[in-house]
Amino acid sequence: QVRLVESGGGLVQAGGSLKLSCAASGRTFDFNTYAMAWFRRTPGKEREFVGGISWSGTTYYVDSVKGRFTISRNNAVTVNLQMNSLKPEDTALYYCVARRAVVATAWDEYDYWGQGTQVTVSS
């Protein structure tokens, strides 16, 4: 099985920064072939695609975070989300996801996901 564990969430004031990390583990698949991404969810809303990175390093972002968030991959099993200039509307539970294919923007396209890490941005 594959396990994804997120970390780095917390409380930050508007305009501040946070860095989220996702560590992947498992024996079945080669993580070098996986696309990894971040989604976020607030109460009463569907999970929203935030950003993703392909196995080749190509990155994608939702328009609302473009220029503020940066997704990167340290190695085959670690992916990061650097969040700068945070806004109260960024408050959400952030999830790390993975799939053995290209980056997708739909939650149900992914094969694995973590339990999430909470990000709260105060005004």
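What this report covers is the structure whose coordinates are included nearby. Bear in mind the structure is a predicted one, so any value in this text is a computation, not a measurement.

### So, the side chain of Arg 68
- Inspection of the secondary structure puts Arg 68 in the loop between strand E6 (59-61) and strand E7 (69-75).
- Separated by 2.8 Å, the side chains of Arg 68 and Asp 90 make a polar contact.
- Residues in contact with Arg 68, not counting those within four places in the same chain, are Gln 82, Met 83, Asn 84, Ser 85, Leu 86, Lys 87 and Asp 90.

### Focus on the state of the cysteines
- Applying the stated criterion to the full structure yields one disulfide.
- Disulfide pairing is shown between Cys 22 and Cys 96; the S-S distance is 2.1 Å. Linking Cys 22 and Cys 96, the disulfide has an S-S dihedral of approximately -80° and is accordingly described as left-handed. Taken as a pair, Cys 22 in strand E3 (residues 18-26) and Cys 96 in strand E9 (residues 92-99) lie far apart in primary sequence, 74 residues in all. An identical accessibility class is assigned to Cys 22 and Cys 96; each is buried.

### Remarks on the pattern of salt bridges
- In the structure shown here, the tally under the stated rule is five salt bridges.
- Two residues, Asp 63 and Lys 66, come together in a salt bridge whose shortest N-O distance is 3.2 Å.
- Several salt bridges converge on common partners, so that one network encompasses Arg 40, Glu 48, Arg 68 and Asp 90.

The rules behind each value
- Residues numbered from 1 in each chain as written.
- Predicted model: local features only at pLDDT ≥ 70, side-chain atom pairs only at ≥ 80, totals over all residues.
- Heavy atoms only, no water.
- Helix = DSSP H or I, 4+ residues; strand = E, 2+ residues; numbered from the N terminus.
- Polar contact = N/O pair within 3.5 Å; in protein donor to acceptor, adjacent residues only side chain to side chain.
- Contact = heavy atoms within 4.5 Å.
- Disulfide = S-S within 2.5 Å.
- Buried < 20%, exposed > 50% of the residue type's maximum accessible area, 1.4 Å probe, protein only.
- Salt bridge = Lys/Arg side-chain N within 4 Å of Asp/Glu carboxyl O.

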